[in-house]
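Examination of the molecular architecture
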Amino acid sequence: MARACPGAPPPAARARTAGPAASLSLLASALLLAGCAPPSPGTVDRLGARPRPPAGPTAAATARSGPAPAVPDDGRTGVEARQLLAVWDGWWQAQAAAYERGSRAAAALRLYSTGQALSGTLANLRNLQEAGMAMRGSPVNDARVTALDLAASPPTATVEDCLDVTGWHQVDARTKQPRDPRQRLTRYVVTGTARKSGDAWLVTRLTAQKGRTC
């Protein structure tokens, strides 16, 4: 059920003083971390699926920094991991809706995120609006829980996602015409951290590992 999208890193904050063109460029980088419209189905039910590294000169480097193993998917660990992935999926969908429909759809972000993950997404949304842009389409992700500490107070976790934003595009908010940067990464690894608040998981931080393909 996970999706892919741009959703949250603070780098986009610099766009406010650089004008629309820079705003788009920075936002494109930020989108490497953000979320968007409904993602592809299946992530919550398969904690460890991941595409094979690409063949060619970069294959060895990709393999060396390949995906971390998923946490066990049975018992309490598996239950918590699935709950977290459902939240991760919901967060991407909330981001997608906010980036497409604007501030009126941003309230749902607080149901799934807090800290840097939330503030970064809101900053990117603000930069999009100031540049007269929006996002359309859907990102696709393939997330897995790679660390889960249920003994911590509060419990914490790490998620690794293979984010594909090929079908997620920047558009002019008024005309809906495509306004993607000429060069943009369309597939890369994103890692996130989360903590449990009461009975619910919240995404707290997102990091795009642009040097890692997936």
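So, here's what we can say about the structure. These numbers were taken from a predicted model, which means no experiment stands behind them.

**A word on the side chain of Asp89**
Here Asp89 lies in helix α3 (residues 75-101). A polar side-chain atom of Asp89 sits 2.8 Å from a polar atom in the side chain of Gln93.

**Re the state of the cysteines**
Using the criterion set out here, one finds 1 disulfide in the structure. Across the disulfide, Cys162 is cross-linked to Cys214 (sulfur-sulfur distance 2.1 Å). In this structure the cystine formed by Cys162 and Cys214 twists about its S-S bond by roughly 90°; its chirality is therefore right-handed. In this pair, Cys162 sits in strand β3 (residues 156-164) while Cys214 sits in the segment after β6 (200-209), placing the two residues 52 residues apart along the sequence. By the burial criterion, Cys162 is buried, and Cys214 matches it.

**Considering the pattern of salt bridges**
Close approach of charged atoms lets side chains of opposite charge pair. Applying the stated criterion to the full structure yields 6 salt bridges. Residue Arg76 is joined to Glu80 by a salt bridge in which the shortest nitrogen-to-oxygen separation is 3.8 Å. Placement of the pair is Arg76 and Glu80 together in helix α3, with a separation of 4 residues, close to one helical turn. Residue Glu80 is classed as buried on the basis of its relative accessible area of 7%. In this structure, the salt-bridge partner of Glu160 is Arg212, at a minimum N-O distance of 3.6 Å. Within this pair, whereas Glu160 is found in strand β3, its partner Arg212 is found in the segment after β6, the two being separated by 52 residues in sequence. Classification of Glu160 by relative accessible area gives buried; the value is 5%.

**Things to note about the nonpolar core**
Counting 34 residues, the largest nonpolar core has Leu84, Trp88, Trp91, Leu109, Val145 and Val159 as its most contacted members. Elements that contribute at least two residues to this core include exactly α3, α4 (115-130), β1 (133-137), β2 (140-149), β3, β5 (187-197) and β6.

**Concerning the side chain of Asn141**
With respect to the helices and strands, the residue Asn141 is situated in strand β2. Judged by its relative accessible area of 2%, Asn141 falls in the buried class. Polar side-chain contacts of Asn141 include one of 2.9 Å to the side chain of Asp161.

**Considering the sheet that holds β2**
Taken in spatial order, the 4 strands make up an open sheet running β2-β3-β5-β6, and their pairing is antiparallel. On the outer flanks of this sheet lie β2 and β6, each paired with one strand and no other. Between one strand axis and the next, the sheet turns through 25° on average, direction left out of account. Relative to β6, β5 runs antiparallel, the two being bridged by 9 bridges. Counted as the bridge partner of Ser197 is Ala200 from β6.

**Looking at the packing of α3 against α4**
Closest axis-to-axis distance for the α3/α4 pair is 10 Å, and the angle between their directions is 20°. Classified by the angle between their axes, α3 and α4 sit roughly parallel to one another. Our pair here, α3 against α4, has a crossing hand that is right-handed. Contacts between α3 and α4 involve Trp91, Gln95, Ala98 and Tyr99 from the first element and Ala117, Thr121, Asn124, Leu125 and Leu128 from the second. Here the residues of the contact of α3 with α4 are counted per class, giving 6 nonpolar, 3 polar and no charged.

**Observations regarding the environment of Arg82**
For Arg82, the position within the fold is in helix α3. Separated by 63 residues in the primary sequence, Arg82 and Val145 have C-alpha atoms spaced 8.5 Å apart. At 3.0 Å, the side chain of Arg82 and the backbone oxygen of Asp73 are in polar contact.

**Some words on α3**
Relative to the 39 Å expected for 27 residues at 1.5 Å per residue, α3 spans 39 Å between its end C-alpha atoms, a close match to the ideal helical length. Gly102 lies just past α3 and shows a positive phi near 90°.

**Some points on the packing of aromatic side chains**
In total, this model carries 4 aromatic pairs according to the counting rule given. Between the aromatic rings of Trp88 and Trp91, the centroid separation amounts to 5.6 Å while the plane-to-plane angle is 55°, which identifies the pairing as tilted. In this pair, Trp88 and Trp91 are both assigned in helix α3, 3 residues apart and thus about one turn of the helix distant. Here Trp88 and Trp91 have matching classes, each one buried. Taking the centre distance of 5.7 Å and the plane angle of 80° together, the rings of Trp88 and Trp92 count as edge-to-face. Taken together, the residues span about one helical turn, with Trp88 and Trp92 both in helix α3 at a distance of 4 residues. Accessibility classification places Trp88 together with Trp92 in one group, the buried group.

Thresholds applied
- Residues numbered from 1 in each chain as written.
- Predicted model: local features only at pLDDT ≥ 70, side-chain atom pairs only at ≥ 80, totals over all residues.
- Heavy atoms only, no water.
- Helix = DSSP H or I, 4+ residues; strand = E, 2+ residues; numbered from the N terminus.
- Polar contact = N/O pair within 3.5 Å; in protein donor to acceptor, adjacent residues only side chain to side chain.
- Disulfide = S-S within 2.5 Å.
- Buried < 20%, exposed > 50% of the residue type's maximum accessible area, 1.4 Å probe, protein only.
- Salt bridge = Lys/Arg side-chain N within 4 Å of Asp/Glu carboxyl O.
- Core = buried A, V, L, I, M, F, W, Y, C linked by side-chain atoms within 4.5 Å.
- Pairing = 2+ DSSP bridges.
- Axes fitted to C-alpha atoms, helices over the stretch in contact; angles between N-to-C directions.
- Parallel < 35°, antiparallel > 145°, perpendicular 65-115°, else oblique.
- Left-handed = near helix turned anticlockwise from the far one by under 90°.
- Contact = heavy atoms within 4.5 Å.
- Nonpolar A, V, L, I, M, F, W, Y, C, P; charged D, E, K, R; others polar.
- Expected span 1.5 Å × (residues − 1).
- Phe/Tyr/Trp six-rings, centres within 6.5 Å; stacked < 30°, edge-to-face > 60°.

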